[in-house]
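Chain by chain, the residues run as shown.
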Amino acid sequence: MTTTIVSSNTTSTETIVAVAARELAGKRRVFAGVGLPTLAVDLARHTSNPDVELIYESGVCGAHPSAMAEGIADSVVVSGAESVLSMAALFGYVLQGGNVDVGFLGAAQIDRTGSLNTSFIGDWKNPTVRLPGAGGAVEIIANAAEIFVVMRRHDLSSFPAELDFCTSPSPARAFASGKGIMPAGAGVTKVFTNLGVLTHQGPGGELELTSVHEGVSVDRVRESTGWDLAVADHVTVTTPPSGTEIDLLRNTIDKVRLYLR
């Protein structure tokens, strides 16, 4: 995949991660997924929120990783952690107990109310791509106080009018179904993409474009979205990554370029 260059020396991935890390300021407990969420929480630890409490799906709570986690079972997330629980205890008491402020997830597709697809692309019987599946995302999106989502691509395939499959329903979709236990959390509140930032406008509402990156027009974002995207009255331009943020990402956090592309 070719990385979009946002400025002369900054990639779209670095912009996504830097903007997301800033939004973690003031958040206490973050349930971190692998990939770009890992980069964002690591950058936040170095910049906007050094006291953030990291939780990983493997059962680690209060993680203090000595290096970037290359997976939820990486030894660096265990060493020095406040506690390591069984997954049953983690999901039953920590997550479902209402003790997670932000669930930080990635997805292959997202819809207008913040439902996610991480299962497959294409037809159910003959999919074009098979994806990892739900993992703990269903429980995270239902029980964390709010959800941040990072998307490397903002295009019609990633932001379709209808998901190819709904792996993790938004609260709006869950309420509309009228089935099962209704979500306790607010669902997706922020989506960070290579074009800008979308913000969810309350229960039952839709995602709304609130910020674009340098050089990106509102029209381009709308044309890259599979539904009639709502646009805020005052769309801001995101502040590009600083030299310090870029240096931390490249030379301290992801020196092996595992997630940076």
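Preceding block: the structure.
Calculation notes
- Residues numbered from 1 in each chain as written.
- Predicted model: local features only at pLDDT ≥ 70, side-chain atom pairs only at ≥ 80, totals over all residues.
- Heavy atoms only, no water.
- Pairing = 2+ DSSP bridges.
- Helix = DSSP H or I, 4+ residues; strand = E, 2+ residues; numbered from the N terminus.
- Buried < 20%, exposed > 50% of the residue type's maximum accessible area, 1.4 Å probe, protein only.
- Lys, Arg positive; Asp, Glu negative; His and termini not counted.
- Salt bridge = Lys/Arg side-chain N within 4 Å of Asp/Glu carboxyl O.
- Polar contact = N/O pair within 3.5 Å; in protein donor to acceptor, adjacent residues only side chain to side chain.
- Contact = heavy atoms within 4.5 Å.
- Axes fitted to C-alpha atoms, helices over the stretch in contact; angles between N-to-C directions.

Caption draft 1: The pairing of strand E5 (residues 60-63), seen in detail. Where strand E4 (residues 53-55) meets E5, 2 bridges bridge the pair, whose relative direction is antiparallel. Across the sheet, Leu54 pairs through a bridge with Ala63, a residue of E5. With antiparallel pairing between neighbouring strands as the criterion, E4 and E5 make up a hairpin whose turn holds 4 residues, including Gly59 at a positive phi of roughly 110 degrees. Relative to strand E6 (residues 83-84), E5 runs antiparallel, the two being bridged by 2 bridges.

Caption draft 2: View of the side chain of Asp254. Within the secondary structure, Asp254 sits in the segment after helix H7 (243-253). Despite its burial, Asp254 remains without a salt bridge, the nearest opposite charge being carried by Arg257 at 5.9 Å. For Asp254, the side chain forms a polar contact with the main-chain nitrogen of Leu260, separated by 2.8 Å.

Caption draft 3: Local environment of the sheet that holds E4. Within the open sheet, the 10 strands sit side by side as E6-E5-E4-E3-E7-E12-E13-E14-E15-E16. Their pairing is mixed. Whereas interior strands pair on both sides, the edge strands pair on one side only; in this sheet they are E6 and strand E16 (230-237). As paired elements, strand E3 (residues 29-32) and strand E7 (residues 102-106) share 3 bridges and run parallel to each other. Counterpart to Ala32 in the pairing with E7 is Phe104. Contacts between helix H1 (residues 12-23) and the sheet are confined to E7, strand E12 (146-150), strand E13 (188-192) and strand E14 (196-200), with E13 contributing the most and set at about 150 degrees to the helix. Across the sheet, helix H2 (residues 36-46) touches E3, E4, E7 and E12, and the angle it forms with E7 is around 135 degrees.

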